Amino acid sequence: MSAPTLQNDVFLRALSRQETEYTPVWLMRQAGRYLPEYNATRARAGSFLGLAKNPDYATEVTLQPLARYPLDAAILFSDILTVPDAMGLGLDFVAGEGPRFARPLRTEADVAKLAVPDMAGLDYVFAAVAQIRRELHGKVPLIGFSGSPWTLACYMVEGAGSSDYRLVKTMMYQRPDLMHRILEINAQAVAAYLNAQVEAGAQALMIFDSWGGVLADGWFQQFSLDYTRRVVAGLIRHHQGRQVPTIVFTKGGGLWLEQIADCGCDAVGVDWTVNLGKARAAVGDRVALQGNLDPMTLFGGAERIRAEVIHTLDSYGSGPGHVFNLGHGISQYTPPEAVEVLVQAVHEHSRRQRQGT
């Protein structure tokens, strides 16, 4: 059965730096705890993993923000740690603490046992992608995603989130050979994982290098960007007659925007610390840009939200190649009505920009 005709391809055209009628907008973590309906579904699922590993629940929460807001893309509801979980590290989510691995990589023997997982162990993700794509009925494109090799390695070595990255950086500085082995396996796994999402129905891809910005200059290029580049080089770039664009987002990566733009991706995500106009001047017409409103702006009230949306759009300026987003994931405490103000402001002001009014 052929896929339904895509009714709104503004997001995909923007990523290809084609002219669009307005600036498309979606939000990182748009399906999340700020929505009461998400919390209700999560309660039914019993746990975060119960939600993420059940295609019916994952589909339900993926579609929830699209029922509320005229967003221009859907993003698969999942977690970046599905890949290391499939590697056998034993993922669990501890209430109030976040993700933890029961078997982190701490020794040479741990690293020696690591292998690219059988993608069959991630079938629940691909089933969710296919189901979401069907239930979107062509309304907007679907984004698939993964963590970057470096960001996954951070969790895999630390065993959880970290405030100082001491364990993973100790391995990197003392035993770079072990770190390179982890990253090489991760790069192979991430490329296979993202390609399987495309085969299942994802129409664009995003690589979250959430922890790339904790690395020193020089080390970022060697231990993060080089492996992201390897992933991008291995991705399916066309599927079912359309380009499958790839977005790379490095939180704290403003120093390296030009180098990230040269990694082979179609778009670079920028966080809220970056001046969008200067970022555009730096990357030129090589890639599209995605971002970059401070997520905390959504606590500033309607007038402040509208003013900052206008400032962000005006900072980018006229012409193609911009996807509006936050500079990081939306806070769980965000008032849902603030998102409505944001989306409306993006669409209205960007239309005015194109009309010259």
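Data block above holds the structure.
To keep things clear, this report deals only with the structure shown in the data block. (Residues numbered from 1 in each chain as written. Predicted model: local features only at pLDDT ≥ 70, side-chain atom pairs only at ≥ 80, totals over all residues. Heavy atoms only, no water.)

What follows deals with the overall build of the chain. Per the secondary structure count, the chain includes 15 helices and eleven strands. A compact globule built from 357 residues would reach a C-alpha radius of gyration of about 21 Å, and the chain, at 19 Å, matches this within 12%. When contacts within the chain are restricted to residue pairs at least 6 apart in sequence, long-range pairs at least 24 apart make up 73% of them. Of the accessible surface of the chain, which amounts to about 14,200 Å², a share of 49% is contributed by carbon and sulfur atoms. (Helix = DSSP H or I, 4+ residues; strand = E, 2+ residues; numbered from the N terminus. Rg over C-alpha atoms; globule rule 2.2 N^0.38 Å. Contact = heavy atoms within 4.5 Å. Areas by Shrake-Rupley, 256 points an atom, 1.4 Å probe, with all protein chains shown as cover.)

Looking now at the nonpolar core. Ranked by internal contacts, the top residues of the largest apolar core, which has 129 residues, are Phe11, Trp150, Met179 and Leu342. If you tally residues by element for this core, the top one is helix 10 (residues 176-200), at 13 residues. The contact partners of Phe11, leaving out residues within four places of it in the chain, are Pro24, Trp26, Asp72, Ala73, Pro141, Ile143, Ala204, Ile247, Gln290 and Val323. (Core = buried A, V, L, I, M, F, W, Y, C linked by side-chain atoms within 4.5 Å. Buried < 20%, exposed > 50% of the residue type's maximum accessible area, 1.4 Å probe, protein only.)

Moving on: the side chain of Thr246. Checked against the element boundaries, Thr246 lands in strand 8 (residues 246-250). Filtering out sequence-adjacent residues up to four positions away, Thr246 remains in contact with Leu205, Ile207, Val232, Leu235, Arg237, Cys265, Asp266 and Ala267.

Before going further, it helps to spend a moment on the sheet that holds strand 8. Taken in spatial order, the seven strands make up an open sheet running 1-4-5-8-9-10-11, and their pairing is parallel. The sheet terminates laterally at strand 1 (74-75) and strand 11 (322-323), the two strands that pair on one side only. Relative to strand 4 (residues 142-147), strand 1 runs parallel, the two being bridged by two bridges. Opposite Ala74, over in strand 4, you have Leu142 as the bridge partner. Relative to the sheet, helix 10 contacts strand 4 and strand 5 (204-209), its axis offset from that of strand 4 by approximately 165 degrees. (Pairing = 2+ DSSP bridges. Axes fitted to C-alpha atoms, helices over the stretch in contact; angles between N-to-C directions.)

It is worth spelling out unusual backbone geometry at this point. In the segment running from Gly291 into Asn292, the intervening peptide bond is cis, with an omega of 0 degrees. For Asn292, the position within the fold is in the loop between strand 10 (288-290) and helix 14 (302-316). Even without a glycine there, the phi angle at Arg17 is positive, about 60 degrees. Note on placement: Arg17 falls in the loop between helix 1 (10-15) and helix 2 (36-45). Backbone geometry places Gln240, a non-glycine residue, at a positive phi of 50 degrees. When you line up the elements, Gln240 lands in the loop between strand 6 (238-239) and strand 7 (242-243). Assessed through its relative accessible area of 60%, Gln240 is described here as exposed.

Together, Met296, Phe299 and Tyr333 line one region of the surface with nonpolar side chains, adding up to about 370 Å² of accessible area. The topology assignment puts Tyr333 in the loop between strand 11 and helix 15 (336-355). What makes Tyr333 exposed here is its relative accessible area of 63%. (Patch = residues over 30% accessible without salt bridge, like charges linked within 9 Å, V, L, I, M, F, W, Y side chains within 5 Å. Salt bridge = Lys/Arg side-chain N within 4 Å of Asp/Glu carboxyl O.)

Time to look at the pairing of strand 5. Most of strand 5 is tucked away, with six of its six residues classed as buried. Of the two faces of strand 5, the one lined by Ala204, Met206 and Phe208 and the one lined by Leu205, Ile207 and Asp209 are each fully buried. Note that strand 4 and strand 5 share five bridges and pair parallel. The partner of Gly144 across the bridge, within strand 5, is Leu205. The pairing of strand 5 with strand 8 spans five bridges and is classified as parallel. Bridge pairing in strand 8 places Phe208 opposite Phe249.

The subject of this paragraph is the pairing of strand 8. Most of strand 8 sits out of view: five of its five residues are buried. Burial along strand 8 is two-sided: the residues Thr246, Val248 and Thr250 and Ile247 and Phe249 are all buried.

Turning to the state of the cysteines, a few remarks are in order. The full count for this structure, using the stated rule, is zero disulfides. Cys154 takes part in no disulfide bond, and the closest cysteine sulfur, belonging to Cys263, lies 18 Å away. Cysteine Cys265 remains unbridged, with the sulfur of Cys263 as its closest cysteine sulfur at 3.7 Å. Cys265 sits in the buried class, given a relative accessible area of 6%. (Disulfide = S-S within 2.5 Å.)

This brings us to the packing of aromatic side chains. Inspection of every chain in the model, using the stated rule, returns eleven aromatic pairs. Taking 5.9 Å as the distance between ring centres and 55 degrees as the angle between the ring planes, the aromatic pair formed by Phe126 and Tyr193 counts as tilted. Taken together, the residues Phe126 in helix 7 (residues 123-136) and Tyr193 in helix 10 connect sequence positions 67 residues apart. For the pair formed by Phe126 and Tyr193, the shared burial category is buried. Where Tyr155 meets Trp211, the ring centres are 4.4 Å apart and the plane angle is 25 degrees; that geometry is what we call stacked. With Tyr155 in helix 8 (residues 149-158) and Trp211 in the loop between strand 5 and helix 11 (219-233), this residue pair connects regions lying 56 residues apart in the sequence. Relative accessible area serves as the criterion here: at 14%, Tyr155 is assigned to the buried category. (Phe/Tyr/Trp six-rings, centres within 6.5 Å; stacked < 30°, edge-to-face > 60°.)

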